[in-house]
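Read off the chains here:
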Amino acid sequence: MPIHHMLYRCPRCGHDPLGGRKGRAKCSSCGTGFQQGRGSLILVHPPQGPVEKASATSLLADLEKMGGPGTGRERGTGSSEESLLREARVAFGTAGGYDVIRCWGEVIGFSERISWRGEGLIRLEGKSLTFTPDGKAAVRRDGVDSDAGGEGFSCLLGDIRGVQISSGAVQVTLERGQLYQFEFVDDSAKRWEDLLCLALRCFYREKGRSVIEFKPRVVTEWLPIGSDR
Amino acid sequence: MTERPAGEHPMVLYRVLRWTMSFYFRARMKIRFEGEDNVPEKGPFFLVLSHQSDLDSLLLHTFCPRLIFTLAKSSVFRTRLMAWLAPRVGAVPTRRYQIDPQSVRVALRLIERGEGVGVFAEGERSWDGKLQPLRCGTISFLLKAGVPVIPCGLIGTYEILPRWGHMNWFKLGFGREPVIIRYAEPIHFGPHDDRTSRERARPDATNRIASALQAVMAR
C-alpha cells in the first residue's frame, strides 16, 4: 500500500491531505517529502536541511497528536453532531455471491466475488454514513435504505455491522449483511477506516457503550456505571 | 484432503515449494531459528503469530519444522491460479468481513486430524510493527479446540517489507537482512467445550497470548 495511505496528513505541518505515489509522498504546504528508506525507516526530506530518518511509529504518533483522522468535531469541539466530517470520491463494488474453493474434491472455503459497479460519493456525518452512486440519489430514512437502483445507501452508524480495510479498500458490512467495498480515488483507505472506527466509537459512547472490536463485526459492551460518556 | 488419513496426504507441491523457497529466503535473509523444539513432532497444535508483513506466512510455510496450514484472507484466492495453488500449500480461506463458520470447521477438522494450524490472532498486518488487539472470535476458537497454543514471532519481517512499503524481491547476497523465527513454549488452556466457559476464560487467555507474543517478538 502506498506510503501516503498511512501518512494521510503531513506529520510535520498537519496539512491535509498528503499527496504521493507508491514509495514517496510530499506535502504541498510545507514541502516536506517522505520516502521509504532501508527497511521500515522513512526518510524525511525537509525543504531545507539534512535528510532525517524516522520510524512509522513516531510519524503515526505525530498524526495522532494532530487529531488523527478526525476534524475535531467528533471530539466535542464542533458546533453540531450532524456536522459533516468528511466526504470522498470512491470506486465501489458489492459482494455478489461466492467462489467455492476446493482442494482435492473437498470444499475448504469461500471467496467473496466483488462486482465493481462504478463511482460515487461517500459521506460521513456525525451519526450517519451515506453513499450515493453517480447519477443516483440515496434515500435517507431511519436505518439502512437503498436507492431505486439498489446500490446507494444511507444508514445510521449503528446499522454498520463491520468495518475493515482490505487490499487498499475499505469494506463496510451493513445490517442485512450487504458488503460494500470502497476504493478511494484521492483519499486514503486507512484514514477512512480510522475515521469510521472513530465515528462508531463516538456513536456508541453516547449510547453508553464501548466498542470492543470492529471486525469481522462491531462488538460493543456497556460502559461501567459512572464512566465519562 | 479428507480422503487420506492424518500424516499420509502427500502435499507434494507444498514440500517441493518449501524446499525451493528455503534456498531463496536463505540467500535473501540471514535467518535464525529459536525454540524449534517447542513445536511437537506429532499431534495437533495451534501456532499463533503477530502479523507484521506479507512475508510472515511465506516464511512460516517454508521454515516451520512441520507442514503447517494457515488461515488466509479470502481475497488471496480470487484469481484462478491462487484458488488452485494456495490450498495446495496449506492456505485455508477465511472471509474476514464476517464470522466464517466454514474456515472454523476446516481448521477444527485439521486439528482433529493431528495437523498444525497457524493463526494470525490480530486478523491483519500491523501498520507500525506493534502488536494490535487480538480478535475475540479467534481466542474463543483457540479455546474451543483445546490443543496446545504455541506463540511464534517472526522478528525482522516488518523491517524488510512493512505493510506500507515494498520490497525488491530480486535482491540477493550481501547485506542480507536478519530474521529470527522464534517459537515459545506451548500454552495449555485445557478443554472449554461450552460457550459460557469460553466466554469466562477469554479475557485471561487473551492476556496470556498477548504477553507471550510480546515476549516472543522482543529483540
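Because the structure is predicted, anything quoted here is derived from the model rather than measured.

Visitor: Got a sec to walk through the overall build of chain B? Specific residues and values, please.
Guide: The secondary structure content of chain B amounts to seven helices and seven strands. Start at the N end of chain B and walk to the C end: the helices and strands fall as α-β-β-α-β-α-β-α-β-α-β-α-β-α. Referenced to the eigenvectors of the C-alpha coordinate spread, the extents of chain B come out at roughly 55 × 40 × 35 Å. The 219 residues of chain B split such that 44% are buried. Across chain B, every contact between residues at least 6 apart in sequence was considered, and the portion connecting residues at least 24 apart equals 75%.

Visitor: Describe the nonpolar core, with residues and values.
Guide: Within the largest apolar cluster, 56 residues are counted, with the highest numbers of intra-cluster contacts made by Phe46, Leu47, Val48, Val92, Ile150 and Ile209 of chain B. Considering each element in turn, this core owes the most residues, seven residues, to helix 7 (residues 195-217) of chain B. Sequence-distant contacts of Phe46 of chain B, defined by excluding residues within four places in its chain, comprise Val117, Val119, Leu142, Ala145, Val147, Val149 and Ile150 of chain B. Core analysis: the next-biggest nonpolar cluster, separate from the first, contains 27 residues, Phe131, Cys155, Leu195 and Phe203 of chain A among them.

Visitor: Which residues make up the sheet that holds strand 6 (residues 149-155) of chain B, and what are the values?
Guide: Sheet strands line up and pair through hydrogen bonds in the backbone, either parallel or antiparallel. Residue and element names in this part refer to chain B. Pairing within the open sheet is mixed, and its seven strands lie in the order 1-7-6-2-5-3-4. The open sheet terminates on both sides in strands that have one partner only, identified here as strand 1 (29-34) and strand 4 (91-94). Geometrically, the sheet is characterised by an average inter-axis angle of 25 degrees between neighbouring strands, direction not taken into account. The sheet contact formed by strand 3 (residues 68-73) and strand 5 (residues 116-120) spans three bridges and is parallel. When the sheet's bridge partners are listed, Ile68 is paired in strand 5 with Gly116.

Visitor: Can you break down the interface of chain A and chain B residue by residue, with the values?
Guide: With 34 residues of chain A at the contact, the number on the chain B side is 39 residues. For the side of chain A that touches chain B, the secondary-structure elements that each account for two or more residues are helix 1 (3-6), helix 2 (56-65), strand 6 (86-103), strand 7 (106-124), strand 11 (160-166), strand 12 (169-174) and strand 14 (209-213) of chain A. Considering every element that reaches the side of chain A that touches chain B, the biggest residue donor is strand 7 of chain A, with six residues. Taken together, the residues of the side of chain A that touches chain B break down into 14 nonpolar, 14 polar and six charged.

Visitor: How would you sum up the sheet that holds strand 3 (residues 33-36) of chain A? Please name residues and give values.
Guide: Residue and element names in this part refer to chain A. One open sheet holds the five strands; their spatial order is 1-2-3-4-5, and the pairing between them is antiparallel. The sheet is open, and its two edges are formed by strand 1 (19-21) and strand 5 (52-55), each paired on a single side. Adjacent strand axes in the sheet meet at a mean angle of 25 degrees when their direction is disregarded. In this fold helix 2 packs onto strand 4 (41-45) and strand 5, with an angle of close to 80 degrees to the strand it touches most, strand 5.

Visitor: Residue-level account of the domain arrangement of chain A, with values.
Guide: Residues and elements named next belong to chain A. Partitioning chain A into domains gives domain 1 (3-68) and domain 2 (86-91 + 118-213). One C-alpha centre belongs to domain 1, the other to domain 2, and the line joining them spans 27 Å. Every contact between the two is made by six residues of domain 1 and, on the other side, seven residues of domain 2. The residue inventory of the side of domain 1 that touches domain 2, partitioned by class, reads three nonpolar, three polar and no charged.

Visitor: Could you give an account of the environment of Arg198 of chain B, with specific residues and numbers?
Guide: Relative to the elements of secondary structure, Arg198 of chain B occurs in helix 7. Each C-alpha atom, one on Arg198 of chain B and one on Gly146 of chain B, is 10 Å from the other, the two residues being 52 residues apart in sequence.

Visitor: Break down the packing of helix 5 (residues 136-145) of chain B against helix 7 of chain B for me, with residues and values.
Guide: Residue and element names in this part refer to chain B. Where helix 5 contacts helix 7, the two axes come as close as 9 Å, and the packing angle between them is 105 degrees. For the element pair helix 5 / helix 7, the angle class is roughly perpendicular. Contacts between helix 5 and helix 7 pair Cys136, Ile139, Ser140, Leu143 and Lys144 from the former with Arg198, Ala201, Arg202, Ala205, Thr206 and Ile209 from the latter. Across the contact of helix 5 with helix 7, the residue classes tally to six nonpolar, two polar and three charged.

Conventions adopted
Residues numbered from 1 in each chain as written. Chains lettered and ligands numbered in written order. Predicted model: local features only at pLDDT ≥ 70, side-chain atom pairs only at ≥ 80, totals over all residues. Helix = DSSP H or I, 4+ residues; strand = E, 2+ residues; numbered from the N terminus. Buried ≥ 20, exposed ≤ 12 C-beta atoms within 10 Å, placed from the backbone. Contact = placed C-beta atoms within 7 Å. Core = buried A, V, L, I, M, F, W, Y, C linked by C-beta atoms within 7 Å. Pairing = 2+ DSSP bridges. Axes fitted to C-alpha atoms, helices over the stretch in contact; angles between N-to-C directions. Nonpolar A, V, L, I, M, F, W, Y, C, P; charged D, E, K, R; others polar. Domains from an automatic or database assignment. Parallel < 35°, antiparallel > 145°, perpendicular 65-115°, else oblique.

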